[in-house]
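# Coordinate inspection notes
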Amino acid sequence: MEHRNPTSELIQNHRSIRRFKADPVPDEMLENIIRSAQWAPTSHNVQAYTIISVTDPDVRSSLEQWCGPQHYVGSAPVFLVFTADFHKHDIISREQGTAFEMAESENVLVGAVDAALAAQNAFITAKSYRLGGVMIGGIRNRPYDVARLLELPTYTFPVMGMCLGFPEHLPGQKPRFPLSGVRHENKYEEQRIRGALPVFETSTRDYYENRPSNPKFESWAEQMATYLAAPRRPQMTAFLKDQGFTLK
């Protein structure tokens, strides 16, 4: 017997929505979505994130281009930027007269994880309102420009964007890696990975070749090999250092 419930069904029905109706998202709804984000788990109660709602059309237009271009960044009823934020902690440390140690890579991980958990809480809450959306990693394509545009202070960095709105179109679901290859016990079991890979290759190849729009004729492994063969946003290292995360 499967132990399914409305929450698990909501989560497991995930798909990225990139086409939205023109209907606005009520402000009370958006406020509650952000309030839910605040109740995500956070390391040591650090709460190392800030959420920026971008409503200015000119700012949206710039972000739309820098993120891809991705037109839905400009056209979605709501666009949020989840930002790792230790700037408020810098203020606290100065007021308390204590040292402020931001040199360790751990702080980047904490900020990124805190922001990502908050974003997922927001996303699930949005879906409970029958909204849809998509996460935007392209917010990190041009971090210096984004930081200047959004006036991000030191000890902050953009983690992801999020488009939200009422869906105009529901695409098919992309397959996920088999549970047998994700769930390991007591140790990392490589044989589970090797057993799951050919199964996943079959399901993803079938999905990509037969989806009604933008079909692809490469397997997941071929796509991943191509994706990971080139450096990914190498400018982020220098940007993080310039933002105060010296990464010793």
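As a starting point, this report considers the structure included with it.

Each value, and the rule that gives it
- Residues numbered from 1 in each chain as written.
- Predicted model: local features only at pLDDT ≥ 70, side-chain atom pairs only at ≥ 80, totals over all residues.
- Heavy atoms only, no water.
- Helix = DSSP H or I, 4+ residues; strand = E, 2+ residues; numbered from the N terminus.
- Polar contact = N/O pair within 3.5 Å; in protein donor to acceptor, adjacent residues only side chain to side chain.
- Patch = residues over 30% accessible without salt bridge, like charges linked within 9 Å, V, L, I, M, F, W, Y side chains within 5 Å.
- Areas by Shrake-Rupley, 256 points an atom, 1.4 Å probe, with all protein chains shown as cover.
- Salt bridge = Lys/Arg side-chain N within 4 Å of Asp/Glu carboxyl O.
- Lys, Arg positive; Asp, Glu negative; His and termini not counted.
- Charge placed at Lys NZ, Arg CZ, Asp CG, Glu CD.
- Core = buried A, V, L, I, M, F, W, Y, C linked by side-chain atoms within 4.5 Å.
- Buried < 20%, exposed > 50% of the residue type's maximum accessible area, 1.4 Å probe, protein only.
- Contact = heavy atoms within 4.5 Å.
- Pairing = 2+ DSSP bridges.
- Axes fitted to C-alpha atoms, helices over the stretch in contact; angles between N-to-C directions.
- Phe/Tyr/Trp six-rings, centres within 6.5 Å; stacked < 30°, edge-to-face > 60°.
- Parallel < 35°, antiparallel > 145°, perpendicular 65-115°, else oblique.
- Nonpolar A, V, L, I, M, F, W, Y, C, P; charged D, E, K, R; others polar.
- Expected span 1.5 Å × (residues − 1).

## Details of the side chain of Asp145
- Along the chain, Asp145 turns up in helix H7 (residues 143–149).
- Within the local environment of Asp145, its side chain forms a polar contact with the side chain of Arg148, the two groups lying 2.4 Å apart.

## Quick notes on a positive patch on the surface
- Judged by side-chain charge, Arg18, Lys174, Arg176 and Lys216 come together as a positively charged surface patch.
- Within the element layout of this structure, Lys216 appears in the loop between helix H9 (190–210) and helix H10 (220–227).

## Comments concerning the nonpolar core
- Membership of the largest hydrophobic core comes to 53 residues, with the highest contact counts inside it found for Leu63, Phe79, Phe82 and Cys163.
- In terms of residues, this core owes the most to one element, helix H6 (residues 105–128), which gives eight residues.
- With residues near it in sequence (within four places) discarded, Phe82 still touches Thr50, Ile51, Ala115, Ala118, Ala119, Ala122, Pro158, Val159, Met160 and Met162.

## A short note on the sheet that holds strand E2 (residues 78–85)
- With antiparallel pairing, four strands are arranged side by side in an open sheet as E1-E2-E4-E3. Each of the sheet's edge strands pairs with one partner strand only, and the pair in question is strand E1 (49–53) and strand E3 (132–136). Geometrically, the sheet is characterised by an average inter-axis angle of 25° between neighbouring strands, direction not taken into account.
- Where E3 and strand E4 (residues 156–165) come together, five bridges link them in antiparallel fashion. By the bridge assignment, Gly133 is partnered in E4 with Leu164.

## Focus on the packing of aromatic side chains
- Counted by the stated rule, this structure contains nine aromatic pairs.
- Judged by centre distance (6.1 Å) and plane angle (70°), the ring pair of Phe86 and Phe245 falls under edge-to-face. On the criterion of sequence distance, the pair formed by Phe86 in the loop between E2 and helix H5 (87–96) and Phe245 in the segment after helix H11 (235–242) is long-range, its members being 159 residues apart. With respect to class, Phe86 is no different from Phe245; both count as buried.
- On the numbers, 5.0 Å between centres and 70° between planes, the contact of Phe200 with Trp220 is edge-to-face. Of the two residues, Phe200 sits in helix H9 while Trp220 sits in helix H10, which places them 20 residues apart along the sequence.
- Among the aromatic side chains, those forming a connected cluster through ring pairs are Phe86, Phe100, Tyr155, Phe157 and Phe245.

## A look at the environment of Pro215
- Tracing the sequence through the fold places Pro215 in the loop between H9 and H10.
- On the basis of relative accessibility, which here comes to 36%, the residue Pro215 falls in the partly exposed class.
- Residues contacting Pro215, with those up to four places away along its chain left out, are Tyr208 and Glu209.

## Considerations on the side chain of Ser93
- By secondary structure assignment, the location of Ser93 is in helix H5.
- Overall, the relative accessible area of 10% leaves Ser93 in the buried class.
- Discounting chain neighbours no more than four positions away, the residues touching Ser93 are Thr98, Ala99 and Phe100.

## A few points about the environment of Glu28
- Structurally, Glu28 can be placed in helix H2 (residues 27–38).
- For Glu28, a relative accessible area of 63% gives the class exposed.

## Here's the deal with the packing of H9 against H10
- Relative orientation of the contacting elements H9 and H10 amounts to 90°, with a least axis distance of 8 Å. In this view, H9 runs roughly perpendicular relative to H10, as classed from their interaxial angle. Two secondary-structure elements touch here, H9 through Leu197, Phe200, Glu201, Thr204, Arg205 and Tyr208 and H10 through Trp220, Ala221, Glu222 and Gln223.
- Tallied by class, the residues present in the contact of H9 with H10 amount to five nonpolar, two polar and three charged.

## Overview of H6
- Look at H6: 35 Å from first C-alpha to last across 24 residues, which is about the 34 Å you get at 1.5 Å a residue.
- Phi turns positive, to about 70°, at Arg130, one or two residues after H6.

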